[in-house]
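So the chains spell out like this:
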Amino acid sequence: MANGESITPMVERTVDVEIEDDLDDKWKALHHIPRCIDDDGDVMFLHLARGIAKTSGTYSKPNRLGVKDWVKFYNNEVSN
């Protein structure tokens with residue numbers, strides 16, 4: 001790629017029991033959320049899904065995180 005950057009393809013692991021058991025507890029609570037995990041078992045990507053609808057308040061499927069929930073999760077679990 002340009003500027004010496006590279007792309008690493010990752011596999012989405014939404015519900016993979018074998019991998020789920022090896023994750024830190026903070027990630028286990030997000031078992032229904034699409035995520036990509038690297039070879040070391042680190043979560044590298046979480047999919048917000050329906051971001052515009054959630055932000056505008058028109059999406060309300062049970063057990064889903066909204067934008068404020070994502071920010072709270074990040075602040076409490078990831079950035080500390």
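Per chain, the residues get numbers from 1 upward, laid out in the order the sequence is written. Reporting in this predicted model follows two pLDDT cut-offs: at least 70 for local features of residues, and 80 or more for side-chain atom pairs to be given and counted; totals over whole chains, interfaces and linings ignore these cut-offs and use all residues. Heavy atoms throughout the structure, all of them, feed into the side-chain values; hydrogens and water do not.

Draft legend 1. Just the overall build of the protein chain, in detail. Scanning the protein chain for helices and strands turns up four helices and two strands. Of the regular secondary structure in the protein chain, the N- to C-terminal order runs α-α-β-β-α-α. Whether a residue is buried, partly exposed or exposed follows from its accessible area with a 1.4 Å probe, protein chains only, as a fraction of its type maximum: under 20%, in between, or over 50%, in that order. For the protein chain, the residues scored as buried account for 16% of the 80 residues in total. For the protein chain, the exposed surface amounts to about 6,300 Å²; the carbon and sulfur share of it is 50%. Strands here mean DSSP runs of E at least two residues long; helices mean DSSP runs of H or I at least four residues long; both are numbered from the N terminus. For every accessible area listed, the method is Shrake-Rupley and the probe measures 1.4 Å; residues are considered covered only by the protein chains on display.

Draft legend 2. Structural view of the environment of Met44. Structurally, Met44 can be placed in strand 2 (residues 43-46). Spatially, the C-alpha atoms of Met44 and Met10 are 8.8 Å apart, while their sequence positions differ by 34 residues.

Draft legend 3. Region of interest: the nonpolar core. Nonpolar cores are built from buried Ala, Val, Leu, Ile, Met, Phe, Trp, Tyr and Cys residues. Side-chain atoms within 4.5 Å join them into one set. One finds Leu23, Trp27, Leu30, Ile33, Ile37, Val43, Trp70 and Phe73 forming the largest nonpolar core, which totals eight residues. Contacts are assigned to residue pairs with any non-hydrogen atoms lying within 4.5 Å of each other. Look past the residues within four positions of Val43 in its chain and what remains in contact with it is Leu23, Trp27, Arg35, Cys36 and Ile37.

Draft legend 4. Expanded view of the environment of Asn76. By the element assignment, Asn76 lies in helix 4 (residues 67-78). The exposure class assigned to Asn76 is partly exposed, which follows from its relative accessible area of 43%. A C-alpha to C-alpha distance of 9.7 Å links Asn76 and Lys26, two positions 50 residues apart in sequence.

Draft legend 5. Spatial organisation of the side chain of Arg35. Of note, Arg35 is situated in strand 1 (residues 35-37). By relative accessible area, which is 1% here, Arg35 ends up buried. Within the structure, Arg35 has its side chain in polar contact with the backbone oxygen of Trp27 (distance 3.0 Å). Pairing of N or O atoms within 3.5 Å defines a polar contact, subject to two protein rules: one partner must be a possible hydrogen donor and the other a possible acceptor, and residues neighboring in sequence count only if both atoms are side-chain atoms.

Draft legend 6. Geometry of a nonpolar patch on the surface. Each patch is built from residues lacking any salt bridge and having more than 30% relative accessible area; the joining distance is 9 Å for like charges and 5 Å for nonpolar side chains (Val, Leu, Ile, Met, Phe, Trp, Tyr). We count a salt bridge whenever a side-chain nitrogen from Lys or Arg sits within 4 Å of a carboxyl oxygen from Asp or Glu. Together, Met10, Met44 and Phe45 make up an exposed nonpolar region whose accessible area comes to about 290 Å². On the secondary structure map, Phe45 appears in strand 2. By relative accessible area, Phe45 is classed as partly exposed at 40%.

All quantities given are derived from atomic positions and should not be read as evidence of function.
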